[in-house]
Amino acid sequence: MENKTMIPFAEGLETIKRFALPLGTEQVDLFRALNRTLAEDVFSDISMPPFNKSAMDGYACRKSDVKNLLQVIEEIPAGSIPTKSIGENQCARIMTGAMVPEGADWVIMKEHIEEVGPNLVRCNRETVNANICYMGEDVKLGDRVLKKGDVISPSHIAILASVGCYKPMVYKIPSVAIISSGDELVEPHEIPGISKIRNSNSYQLVAQAKQMGIDADYLGIVRDDETAIRNVLSQAIEKYEVIVISGGVSVGDFDFVPKILKELNVNIRVHGMDVKPGKHLLFGEKENHFIFGMPGNPVSSFVQFEVLVKPFLNVLMGKTVDENFLYLPIAADYKRKKADQLIFVPVILTKEGTIQPLEYHGSAHIHAYTFANGIMEMPQNRLEFKIGDIVCVRPL
Ligand code: AMP
Ligand code: MG
């Protein structure tokens, strides 16, 4: 096994991001647009509101007449066009969302009106609001309502719908394959025999991808056998834009993945970073197909997907702001024995806005992350944090 040069994590991330470019664009319908990234600015084809609109169920009249007896000359439901203009001491019964008739500049709430005779009403309260939403007060025709790079939220979908952008142009989602390798692995429905363990990484990785809106394909367990690994990887590279394979990337005698990738003419750009967990992580590329070799330990695989693979996939999907860091005070002293590496540690972001490190036994201790809602970074050369020190955390 050849010697690998360990590079700092930051350099690994930089290298990986150099190869990340948005994949391309497509139009999607609004029901499928949530969390996608807009690939173009969106402009309004209408003013909003499109006409002076009543904000209340009530009576539309002239402001100067509010204290007078008013004659009801028309009823205006939402969606209809008023047929009469409001003259002196006249009003129209109007519904929320309906067009305010010509001549009227005031809507008295229904609750403030007293009926004093057939089609004769009077306002019995001081009124202070016009209760009219004026044409174009929210958005004017031609206004840019959303911009390229915005990640579509439910309220963005409402805006897209209102301006008639029913098939927004968004960045494509990469096709992703998940593979696990290892002779010791059995699937979750199986009872592991002596010396075997259940494959948890594949399911975890598929779930992490799903959280990002990516429906990854799971290609199964591949044995620690050169031919088997070559077959599955060569086919996957043809078919998928991104392949995530866990296990078999470190320095053991049966860690064939790096060797086989080289034989398949994959350019290995990162293999080994000064970071814990996940120092053996591998990244390679071949003609716009990308391969991540994840260390087999479940925590390493989980953490490296969060801190490295996610930012990469985010760029492919057009996201420009992918790093979600919080800087918060730590709730207790935190020490380690050696400060030779950058480490990632499971933590709880408390309701008080502090960071509570969790008990953590190392990269096989996946259970520690079941309680975590954040990953804390402890930089190289930093031996301890004192209570109250500000630490960098990625929320989960
Ligand atoms: P490796 O990176 O192949 O040397 O594996 C490192 C450790 O991770 C070993 O203890 C493996 O048993 C464990 N491991 C590897 N693959 C998986 C997997 N898919 N699910 C759970 N644990 C795994
Ligand atoms: Mg292995």
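These notes cover the structure that comes with them.

Basis of the calculations
- Residues numbered from 1 in each chain as written.
- Chains lettered and ligands numbered in written order.
- Predicted model: local features only at pLDDT ≥ 70, side-chain atom pairs only at ≥ 80, totals over all residues.
- Heavy atoms only, no water.
- Helix = DSSP H or I, 4+ residues; strand = E, 2+ residues; numbered from the N terminus.
- Rg over C-alpha atoms; globule rule 2.2 N^0.38 Å.
- Buried < 20%, exposed > 50% of the residue type's maximum accessible area, 1.4 Å probe, protein only.
- Contact = heavy atoms within 4.5 Å.
- Areas by Shrake-Rupley, 256 points an atom, 1.4 Å probe, with all protein chains shown as cover.
- Lys, Arg positive; Asp, Glu negative; His and termini not counted.
- Charge placed at Lys NZ, Arg CZ, Asp CG, Glu CD.
- Pairing = 2+ DSSP bridges.
- Axes fitted to C-alpha atoms, helices over the stretch in contact; angles between N-to-C directions.
- Salt bridge = Lys/Arg side-chain N within 4 Å of Asp/Glu carboxyl O.
- Parallel < 35°, antiparallel > 145°, perpendicular 65-115°, else oblique.
- Left-handed = near helix turned anticlockwise from the far one by under 90°.
- Nonpolar A, V, L, I, M, F, W, Y, C, P; charged D, E, K, R; others polar.

## Focus on the overall build of the chain
Step number 1: Helices and strands together make up the secondary structure of the chain, namely seven helices and 29 strands.
Step number 2: In terms of overall size, the chain is more extended than a compact globule, its C-alpha atoms giving a radius of gyration of 31 Å where 396 residues would be expected to give roughly 21 Å.
Step number 3: Considered along the principal axes of its C-alpha atoms, the chain spans approximately 95 × 50 × 40 Å.
Step number 4: Burial analysis of the chain (396 residues in total) assigns 46% to the buried set.
Step number 5: In the chain, the proportion of contacts linking residues at least 24 apart, taken out of those at least 6 apart, comes to 69%.
Step number 6: Just so you have it, the chain exposes about 20,100 Å², and 51% of that area is on carbon and sulfur atoms.
Step number 7: Of note, the chain has its 42 positive side-chain charges centred 2 Å away from the centre of its 50 negative side-chain charges.

## Let's talk about the sheet that holds strand E18 (residues 242-246)
Two orientations exist for strands paired in a sheet by backbone hydrogen bonds: parallel and antiparallel.
Step number 1: Read across the open sheet, the six strands follow the order E17-E14-E18-E22-E21-E19; overall the sheet is mixed. Unpaired on one side and paired on the other, strand E17 (217-222) and strand E19 (267-271) mark the two borders of the sheet. Shown here is a sheet whose adjacent strand axes are inclined to one another by a mean of 15°, direction ignored.
Step number 2: Bridge count between strand E21 (residues 282-286) and strand E22 (residues 289-294): five bridges; the pairing is antiparallel. Among the inter-strand pairings, Gly284 is bridged to a residue of E22, identified as Ile291.
Step number 3: Of the strands in this sheet, strand E14 (176-181), E18, E21 and E22 are in contact with helix H6 (residues 298-316), which crosses E22 at around 170°.

## A short note on the sheet that holds strand E5 (residues 58-61)
Step number 1: With mixed pairing, six strands are arranged side by side in an open sheet as E8-E5-E7-E6-E10-E9. This sheet does not close on itself; its edge strands, each paired only once, are strand E8 (106-109) and strand E9 (113-117). Geometrically, the sheet is characterised by an average inter-axis angle of 40° between neighbouring strands, direction not taken into account.
Step number 2: Here E5 pairs with strand E7 (residues 90-94) via three bridges, running antiparallel. Residue pairing for E7: Ala60 is matched across the bridge by Ala92.

## Structural notes on the pattern of salt bridges
Step number 1: Evaluated as defined, the whole model comprises 15 salt bridges.
Step number 2: A salt bridge links Arg36 to Glu26; the nearest nitrogen and oxygen atoms lie 2.6 Å apart. With Arg36 in the loop between strand E2 (25-27) and strand E3 (42-43) and Glu26 in strand E2, the pair connects residues that are 10 residues apart, well separated along the chain.
Step number 3: For Arg36, a relative accessible area of 11% puts it in the buried group.
Step number 4: Its salt-bridge partner being Glu226, residue Lys259 comes within 2.5 Å of it at the nearest N-O pair. Taken as a pair, Lys259 in helix H5 (residues 257-263) and Glu226 in helix H4 (residues 226-239) lie far apart in primary sequence, 33 residues in all.
Step number 5: Judged by its relative accessible area of 40%, Lys259 falls in the partly exposed class.
Step number 6: Several salt bridges share partner residues, and in doing so they unite Glu226, Arg230, Lys259 and Glu263 into one network.

## Quick look at the packing of helix H1 (residues 9-18) against H6
Step number 1: Interaxial distance between H1 and H6 falls to 9 Å at its minimum, and their mutual angle equals 30°. Judged by the angle between their axes, H1 and H6 are roughly parallel. For the element pair H1 and H6, the recorded crossing hand is right-handed. Where H1 approaches H6, its residues Phe9, Leu13, Ile16 and Lys17 are matched on the opposing element by Gln304, Val307, Leu308, Pro311 and Phe312.
Step number 2: Split by residue class, the contact of H1 with H6 holds seven nonpolar, one polar and one charged.

Such coordinate-based values are descriptive only and should not be taken to indicate function.
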